[in-house]
Each structure stands twice: as structure tokens, then as C-alpha cells.
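Architecture and fold: a report
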Amino acid sequence: MKAKKICALLLSAAMVVTLAACGGGGKEGTSDSSSSSSSEASSDKKRVCFVARASADTFAAWLTSEMKKEAEKYDNIELTTVSGEGDDNKENGLLEDCITKKYDLVIVQSNNNAAQAPYVKQLVDAGIPVITTNPTTHQSDLDGSDDDSVMEGTGTVDADPMEQAKVGADRAVKEVPQNAKVVVLNGPSGNYHADNRRIAWTEYFFDKRPDVEILYEDYANWNSDEALKLMESWVQSGTHIDAIISMNDNMAAGAIEAIREDKDYVGEDGTPNFLAYGVDGTAQGCLLIEEGLLTSTALQSAADLAKKNMEYADKVVKGEMKVTEIRDFVDAPEINKDNVQEYIQMYIENGEITEDGSVNN
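In this numbering scheme, every chain counts its residues from 1 along its sequence in written order. Under the rules for a predicted model, residues below a pLDDT of 70 receive no local features and side-chain atom pairs below 80 are neither given nor counted, while totals for whole chains, interfaces and linings still include all residues. Only heavy atoms go into the side-chain values, all of them from the structure, while hydrogens and water stay out.

Focus: the overall build of the chain
In this text, helices come from DSSP runs of H or I with a minimum length of four residues, and strands from runs of E with a minimum of two, each type numbered from the N-terminal end. Helix and strand counts for the chain come out as 12 helices and 13 strands. The buried share of the chain, reckoned over its 361 residues, is 56%. In this description, contact between two residues means that some pair of their heavy atoms is separated by no more than 4.5 Å. Long-range contacts, defined here as pairs at least 24 residues apart, represent 76% of the contacts in the chain between residues at least 6 apart. Values of accessible area rely on a 1.4 Å probe in the Shrake-Rupley scheme; residue burial ignores everything except the protein chains shown. Summed over its atoms, the accessible surface of the chain is roughly 14,500 Å², and 44% of this surface lies on carbon and sulfur atoms. Burial classes follow relative accessibility: with a 1.4 Å probe on protein chains only, a residue under 20% of its type's maximum area counts as buried, one over 50% as exposed, and anything between as partly exposed.

A few points about the environment of A258
Looking at the element boundaries, A258 is found in helix α9 (residues 249–259). Owing to a relative accessible area of 24%, A258 belongs among the partly exposed residues under this scheme. Through-space distance from the C-alpha of A258 to that of S233 is 9.4 Å; in sequence the pair is 25 residues apart. Apart from the residues lying within four places of it in its own chain, the contact partners of A258 are L228, M231 and E232.

Some points on the sheet that holds strand β8 (residues 213–219)
The strand order β8-β7-β9-β10 describes an open sheet built from four strands, whose pairing is parallel. Looking at which strands have only one partner, the edges of the open sheet turn out to be β8 and β10 (275–277). Averaged over all neighbouring strand pairs, the angle between strand axes comes to 15 degrees, with direction disregarded. One ladder, built from three bridges, connects strand β9 (residues 243–246) with β10; its direction is parallel. When DSSP finds two or more bridges between two strands, those strands count as paired. Whenever a helix is involved, its axis is fitted only over the stretch in contact; in every case the axis is a line through C-alpha atoms, and angles between N-to-C directions fall within 0 to 180 degrees.

So, the packing of helix α6 (residues 161–175) against helix α7 (residues 192–206)
Between α6 and α7, the shortest axis-to-axis distance is 8 Å and the interhelical angle comes to 35 degrees. Considering the relative orientation of α6 and α7, their crossing is right-handed. In this structure, α6 contributes P161, M162, Q164, A165, K166, G168, A169, D170, A172 and V173 to the contact, and α7 contributes Y192, H193, N196, R197, I199, A200, W201, E203, Y204 and F205. Ten residue types, Ala, Val, Leu, Ile, Met, Phe, Trp, Tyr, Cys and Pro, are classed as nonpolar, four, Asp, Glu, Lys and Arg, as charged, and the remainder, Gly among them, as polar. Of the residues belonging to the contact of α6 with α7, the class tally is 12 nonpolar, four polar and four charged. Left-handed is the label given to a crossing in which the near helix is rotated counterclockwise from the far helix by less than a right angle, and right-handed is the label when the rotation is clockwise.

Notes on the side chain of D158
Within the fold, D158 resides in strand β6 (residues 155–159). Charged-residue counts in this description rest on Lys and Arg as positive and Asp and Glu as negative, His and the chain ends being excluded. Take a side-chain nitrogen of Lys or Arg and a carboxyl oxygen of Asp or Glu: if they are within 4 Å of each other, that pair is a salt bridge. Here D158 occupies a buried position and makes no salt bridge, while the nearest side chain of opposite charge, R197, is found at 7.1 Å. N or O atoms within 3.5 Å of each other form a polar contact, as long as, within protein, one can give a hydrogen and the other can take it, and as long as residues adjacent in sequence are counted only when both atoms are side-chain atoms. Of the polar contacts made by the side chain of D158, one reaches the side chain of H193; its length is 2.7 Å.

Here we look at unusual backbone geometry
In this chain, N134 is followed by P135 through a cis amide linkage whose omega measures 20 degrees. For P135, the position within the fold is in the loop between β5 (130–133) and α5 (139–143). Unusually for a residue other than glycine, K102 sits at a positive phi of about 55 degrees. Within the secondary structure, K102 sits in the loop between α3 (88–101) and β4 (105–108). Judged by relative accessible area, which is 65%, K102 ranks as exposed. Despite not being glycine, N221 has its phi angle at roughly 55 degrees, a positive value. Note on placement: N221 falls in the loop between β8 and α8 (224–235). Note on N221: relative accessible area 34%, which makes it partly exposed.

Brief notes about α8
A helix's residues, less one, multiplied by 1.5 Å, set its expected span. With 12 residues, α8 should cover 16 Å at 1.5 Å per step; its first-to-last C-alpha distance of 16 Å lies within 8% of that length. The complete set of buried residues in α8 reads S224, A227, L230, M231, W234 and V235. Each buried residue of α8 sits inside an arc of 130 degrees when the element is viewed along its axis, so together they form one side. Opposite the buried face of α8, at more than 90 degrees from it, the exposed residues are D225 and K229. For α8, the capping residue at the N-terminal end is N223, with a side-chain oxygen 2.8 Å from the backbone nitrogen of D225. Directions are taken from the helix axis to each C-beta atom, and the arc is the one they span.

Some remarks on the pairing of β6
Summarising burial for β6: five of the five residues are buried, a large majority. One ladder, built from four bridges, connects β6 with strand β12 (residues 327–330); its direction is parallel. Residue pairing for β12: A159 is matched across the bridge by V330.

Notes on the packing of aromatic side chains
Aromatic pairing here means that ring centres of Phe, Tyr or Trp (its six-membered ring) are within 6.5 Å. Orientation follows from the plane angle: under 30 degrees is stacked, over 60 is edge-to-face, and everything else is tilted. According to the stated counting rule, one finds seven aromatic pairs in the structure shown. Aromatic side chains Y265 and F274 sit 6.3 Å apart centroid to centroid with 65 degrees between the ring planes, which places their arrangement in the edge-to-face category. An aromatic cluster of at least three residues, connected via ring pairs, comprises W201, F205, F206 and Y277. For a lysine, the NZ atom is tested; for an arginine, the CZ atom; a charge sits over a ring if that atom is within 6 Å of the ring centre and within 35 degrees of the ring normal. Over the ring of Y103 we find R47, and its NZ or CZ is 4.4 Å from the ring centre.

Quick look at a negative patch on the surface
Each patch is built from salt-bridge-free residues with over 30% relative accessible area, joining like charges within 9 Å and nonpolar side chains (Val, Leu, Ile, Met, Phe, Trp, Tyr) within 5 Å. Charge positions are represented by NZ for Lys, CZ for Arg, CG for Asp and CD for Glu. On the surface, a cluster of negative charge is made up of D143, D146, D147 and D148. Along the chain, the position of D146 falls in the loop between α5 and β6.

Let's talk about helix α2 (residues 58–71)
Helical geometry note: an α-helix holds 3.6 residues per turn, so side chains three or four residues apart project in the same direction. In a regular helix each residue adds 1.5 Å, so 14 residues correspond to 20 Å; α2 covers 20 Å between its end C-alpha atoms and thus fits that length. α2 sits mainly inside the fold: 12 of its 14 residues count as buried. Among the residues of α2, those classed as buried are T58, F59, A60, A61, W62, L63, T64, E66, M67, K68, E70 and A71. With a side-chain oxygen positioned 2.9 Å from the backbone nitrogen of F59, the residue opening α2 is D57.

Bear in mind that shape data such as this cannot, by itself, settle questions of function.
Structure (C-alpha cells):
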């Protein structure tokens, strides 16, 4: 797979969502009601808002796209999708706007759990059902306690971040060379998935491999551009980096982009002289595995998350179940060089990758 394909994928993923304020432009963001037949909800339709964390985040963009597809299956639901663009203040403003707009149900993908929790509570207090997804909002996010149960009054559809990271960590224990020098790319501080994936790497890899040295570690906030800049800086030290440990595929992709033309890291025949681990199993991640530059990732299926979210949203707005009854989690299968083609085929079938392996814009 040529470099230009990966670059194109990075660009296209960031542009999947045009963004958002819940139904109204303005400084909080921009809205996208394209999944409904009209910008005004029909009297017989229930109005649901999906608040994504950032359109430049490839996974959030993928999830938004899948939510729109799933919403088309429900004639009784009008879905509006919005994005906080990785800004807590913007996302909190969007959540407040959802109260003003009196949505029938809100699905929240927090950028920072603790920052969004009080605003999720405002939605609950206003009588609006809330499903938190990717990540779950916990009671501890709201009150600072040790209570890691789902936040009172809400439901959740999510994946287990510890299990997601364990997939790569278990593999790395066996294949990262002795006395390796590694770098670590973290997601946003305070984000449940980011924090717990990092905890899992400590438990399942670093505690078992005390010979491994963390050369550099920093926050790239799920963002490929931030990861690219960090990696460029780290490489300049001259110490060879044996492995990239990233809490998501997007940051891994940025770090890889920084060294793909460096002969110390990628030979003339395309063989990498480093290992790299991600999470999410995105289309770009799969293409990097096919290319041989990403070692493994764990699938967090946005399609499965979207399907479950919309199924539960439909039941809640119909009065068939209470939102607090929703406790559902998707699996995290490993994707590596041995099985990556089946996942690439999945992306071909859903239109994200063309038959010839190009990005479908």
C-alpha cells in the first residue's frame, strides 16, 4: 500500500463529519441532520441527538457515519449528529443545547468524562434519556468517588478498554525485543478509554517486561497530527525506537507517517525496523497492517456500537424499556497480518475502501 493512500485515508477520515451545533450553527459547533428527511422533525418522529467528541478523530468520525446509516432504518427517529471538536467547552455547550432543543433522547460520546459528566447530569435532571457510548460515563466521573458503576440515570453501550489494550499488550510481551526502547502515545487525560488502555499496558506489558525502557511518553489526544509532530521530535534524539505503543490507531498512524521515509525505520524493500500497536481496528489501521507498518490492533467496531445504540434508542423512545436498563458491550478481537484481509473486505463492503485498496472519498 503506497504512502499516498494512507495520507488520503487520514484526510478523508477527518472529513467524514461536517459538524455541529444541535440544530443551529454558532460558536458551539455545527449540526448535520442529513440522516433525516427534513431539518424539522415530523410530529410522529422522535428526535435523537448524537454528540460526538471530535470530527477529526477517525474513530469518532466512523462512529458518526455508522450512526447515520443505522438511523435510516428507523422511520420513527430523526437523528441529528453534532461534534464538540475535541473541545470540552464546545461539547458541554452542545449538551446544554440539547436540553434547550428538548430532544427525546441524547447519545453522548464524551471527550473528557469528568468534564462532560455534570452536563450529562443536567440532561438526566431535565428528564431526557441519555446513553453514553465510547466511553461510558461512570458515577465516579460525576462525584469523584470510587464508584465505577454506570452513572445514575443513564445507560451505556461501550467496549472494555482494558480488554482492548490487553490484546496488543499480550502480543508485545512476546515480540518486543529485549531491552527495547519504546514510545507511548496517550489519548486525552481524563478520558475513560484513554486512561484505562494505558493502565492495561502497565499491567499486561510493562510490569511483565521491566527490561523495556519508555524513551518518551506524551498525550496526542487521539490525533494523528499531534502524534506525527511528537514522533518527529522524538526521532531527532538519535536513539532508535523499537516500538510505538499507541492507545488508538489514529495516533499510531501519525507516528508511523513521521518515520515511513526514514531508512533507519523502514528498509528500501518496505520492511519495518520497529513494531507498532494500536486500538480500534479502523480502516486506516487495517491498511497499515496490510502494508506491514502496524503490528496489531484490536477492533472496536463502530458499526456494532452504532447498531446497538440505535436499537436501544428506538426501544427507549417507544417506551419499551428504560434507559437505565441498557448495559451492553462489544467485543475486541485482534487484527493482525494473519486475518487483516477479512477486515479490509469488511471495509470494502461498507464502502470505506474501494476494491483496489484505495480510499473511497
